[in-house]
Amino acid sequence: MQFQLSEEQSMIQQAARDFAQQELKPGVIERDEHQKFPVEQVRKLGELGFLGMMVSEEFGGSGLDAVSYVLVMEELSKIDASASVVVSVNNSLVCYGLEAFGSAEQKEKYLKPLASGEIIGAFCLSEPEAGSDATSQHTTAEDKGDYYLLNGTKNWITNGSTASVYLVIAQTDPSLKHHGINAFIVEKGMEGFTIGPKENKMGIRGSDTHSLMFNDVKVPKENRIGENGFGFKFAMKTLEGGRIGIAAQALGIAAGAYELALAYAQERKSFGKPISDHQAIAFKLADMATKIEAARMLVYKAAWLKDQGQSYTLAGSMAKLYASKVAMEVTVEAVQVHGGYGFVKEYHVERLMRDAKITQIYEGTSEIQQMVISREILD
Ligand code: CAA
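Residues numbered from 1 in each chain as written. Predicted model: local features only at pLDDT ≥ 70, side-chain atom pairs only at ≥ 80, totals over all residues. Heavy atoms only, no water.

Student: Residues and numbers for the overall build of the chain, please.
Tutor: Per the secondary structure count, the chain includes 11 helices and 10 strands. Counting across all 379 residues of the chain, residues that qualify as buried make up 55%. For the chain, the distance from the average position of its 38 positive side-chain charges to the average position of its 49 negative side-chain charges is 4 Å. (Helix = DSSP H or I, 4+ residues; strand = E, 2+ residues; numbered from the N terminus. Buried < 20%, exposed > 50% of the residue type's maximum accessible area, 1.4 Å probe, protein only. Lys, Arg positive; Asp, Glu negative; His and termini not counted. Charge placed at Lys NZ, Arg CZ, Asp CG, Glu CD.)

Student: Can you explain the packing of aromatic side chains? Please cite residues and give values.
Tutor: Across all of its chains, the model carries 11 aromatic pairs by this definition. Residues F101 and F234 carry aromatic rings whose centres are separated by 5.8 Å and whose planes lie at 75 degrees to one another, so their mutual orientation is edge-to-face. Residue F101 is found in helix α5 (residues 81-101), and its partner F234 is found in helix α7 (residues 231-267); the two are separated by 133 residues along the sequence. Look at F101 and you get partly exposed, because its relative accessible area is 22%. On the numbers, 4.9 Å between centres and 90 degrees between planes, the contact of Y166 with F193 is edge-to-face. Taken as a pair, Y166 in strand β4 (residues 165-171) and F193 in strand β6 (residues 193-198) lie far apart in primary sequence, 27 residues in all. Like Y166, the residue F193 is buried in the burial classification. (Phe/Tyr/Trp six-rings, centres within 6.5 Å; stacked < 30°, edge-to-face > 60°.)

Student: Requested: an account of unusual backbone geometry, with residues and values cited.
Tutor: Located in the positive-phi region is F271, a residue other than glycine, with phi close to 50 degrees. Tracing the backbone through its elements, the reader meets F271 in the loop between β9 (269-270) and β10 (273-274). Accessibility expressed as a relative area gives 79% for F271, which makes it exposed.

Student: Provide a residue-level description of a nonpolar patch on the surface, including the pertinent values.
Tutor: Together, M1, F3 and M297 make up a nonpolar patch on the protein surface, roughly 440 Å² of accessible area in all. Relative to the elements of secondary structure, M1 occurs in the segment before α1 (7-24). (Patch = residues over 30% accessible without salt bridge, like charges linked within 9 Å, V, L, I, M, F, W, Y side chains within 5 Å. Areas by Shrake-Rupley, 256 points an atom, 1.4 Å probe, with all protein chains shown as cover. Salt bridge = Lys/Arg side-chain N within 4 Å of Asp/Glu carboxyl O.)

Student: Break down the nonpolar core for me, with residues and values.
Tutor: V70, L76, L98, F123, L167, I292 and V299 are the most contacted members of the largest nonpolar core, which totals 93 residues. It is α7 that contributes the most residues to this core, 18 residues altogether. Residues in contact with L167, not counting those within four places in the same chain, are L93, V94, L98, A122, F123, C124, F184, I185, I225 and F234. Residues C124, Y148, A163 and M190 belong to the second largest nonpolar core, which totals 18 residues. (Core = buried A, V, L, I, M, F, W, Y, C linked by side-chain atoms within 4.5 Å. Contact = heavy atoms within 4.5 Å.)

Student: Would you mind going over the environment of I12 in detail, with residue names and values included?
Tutor: Assignment of secondary structure puts I12 in helix α1. On the basis of relative accessible area, I12 is assigned to the buried category, the value being 11%. Considering only alpha carbons, one finds I12 and V165, 153 residues apart in sequence, at a separation of 27 Å. Not counting the four nearest positions on each side in its chain, I12 is found in contact with F50, M53, L64, S68 and V72.

Student: Could you give me a rundown of the site of the ligand, with the residues and numbers involved?
Tutor: Every one of the 25 residues lining the ligand counts as a neighbour, but T158, H178, H179, E240 and R375 are closest to it. At a separation of 2.7 Å, an oxygen atom of the ligand approaches a polar side-chain atom of H178. At a separation of 2.6 Å, a nitrogen atom of the ligand approaches a polar side-chain atom of E240. Isolated, the ligand exposes 1100 Å² of accessible area, and the fraction of that covered by the protein chains is 75%. Elements supplying a minimum of two residues to the shell around the ligand: α5, α7 and α11 (366-378). Among the elements that make up the shell around the ligand, the one with the highest residue count is α7 (7 residues). Here the shell around the ligand is composed, by residue class, of 11 nonpolar, 8 polar and 6 charged. (Near = heavy atom within 4 Å. Polar contact = N/O pair within 3.5 Å; in protein donor to acceptor, adjacent residues only side chain to side chain. Nonpolar A, V, L, I, M, F, W, Y, C, P; charged D, E, K, R; others polar.)

Student: Which residues make up the pattern of salt bridges, and what are the values?
Tutor: Within the structure shown, the criterion is met by 22 salt bridges. The closest approach of N and O atoms between K144 and E142, which form a salt bridge, is 3.2 Å. A network of salt bridges, in which partner residues are shared, links R17, E75, K78 and E259.

Student: Let's hear about the pairing of strand β7 (residues 209-220): which residues, and what values?
Tutor: Relative to β7, strand β3 (residues 147-158) runs antiparallel, the two being bridged by 9 bridges. Within β7, the residue paired with Y147 across the bridge is P220. Where β6 and β7 come together, 4 bridges link them in antiparallel fashion. Bridge pairing in β7 links T194 to M213. (Pairing = 2+ DSSP bridges.)

Student: Lay out the side chain of Q137 in plain terms, naming residues and giving numbers.
Tutor: Structurally, the position occupied by Q137 is in the loop between β1 (121-124) and β2 (140-143). On the accessibility criterion, Q137 (7% relative accessible area) is buried. Those residues in contact with Q137 that lie beyond four places of it in its chain are L125, E127, A130, K154, I169, A170, Q171 and I181.

Student: Any details on the side chain of S324? Residues and values, ideally.
Tutor: Positionally, S324 belongs in helix α9 (residues 313-338). Judged by its relative accessible area of 0%, S324 is buried. A polar contact is formed between the side chain of S324 and the backbone oxygen of L321, at a distance of 3.2 Å. S324 has contacts with A250, A319, T359, Q360 and S366, leaving out every residue within four places of it along the chain.

Structure (structure tokens):
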């Protein structure tokens, strides 16, 4: 068993840590308050190669492993989960989906600019009436010969207005149920494609989440990903990797809140000594550190399995289920350690607590992870 990062992985981790401190931390409170997308920061993440980390160099990516990717996600999420979700969606869902299942032409045209960070992408599965029950797609893609006619609405789309390329899941043949679903590459600006207003969210407020409307959008046939009817499997396979990214985000949120609580507890005095000298606080910190380490092991293992070419369905869902639970528990405790200061924005922990919640919801709720895990272990 090997618990040591390679020299390259440690360097990437340090680069992400430095970036988070220098580029994400300034302005993070203001971006959250005013729901401002981190435009400049995302551009720089692209320049660093963090938007196409696992894509091979041939397609403009950095050609790194999944362990490096989760290290980056963890470090960025300690400071700004609104920026890290952009990294997660672009890497795990959009770039992975295109590299693994796209045609040579699709990779050339779309993957290259996405992986190099020139543009960003969005993954569009959820609908007003299809969240957890992802097979119940109401968006339709009617086969018209040379093109598909896309109609419907997608909800809660991360990078909704900032993306240039959208991977859209839609039902082509309802009689075939999920075997009649396809995935399409839709470009911003295609006629009939409109973007709804930005959602006013509890957390990750800097990320732009929108509904999308498709009204008789003509999608060229060559923009379908994979064989006819491959769309649901495409979504499931892609989400498996996405869950590792969100697990790493949850881990980072927890670790960021813990680091703040640890520092505060050693500085703040009560009853004549630092509050960390009181067992009530010291034991909280011990529990937080232990939970974070357990979550870290699950996240790194899931990424490692992916790198080994082994199945990571079970490990990815376990990592997401547990790390997101830990993110909630640890951030709540971090606010408690800070007392009244934890309740005000300047101390960051209240934002991390709000951000933590989404990790139990997107890319499959905790209940969906329990469903995937129970199916795997009862198989
Ligand atoms: N890999 C490959 N195929 C898979 C698969 C996987 N991991 N999981 C399921 N499938 C296949 C099955 O083999 C089956 O195919 P066959 O009929 O050919 O055998 C088919 O998919 C249907 O599977 P199920 O019968 O298991 O379907 P189900 O409806 O009972 O359950 C589910 C599936 C796991 C609940 C799934 O619907 C699911 O994951 N739901 C959650 C959706 C989700 O995560 N949404 C997140 C939105 S994206 C997002 O949040 C991004 C963002 O912006 C941050």
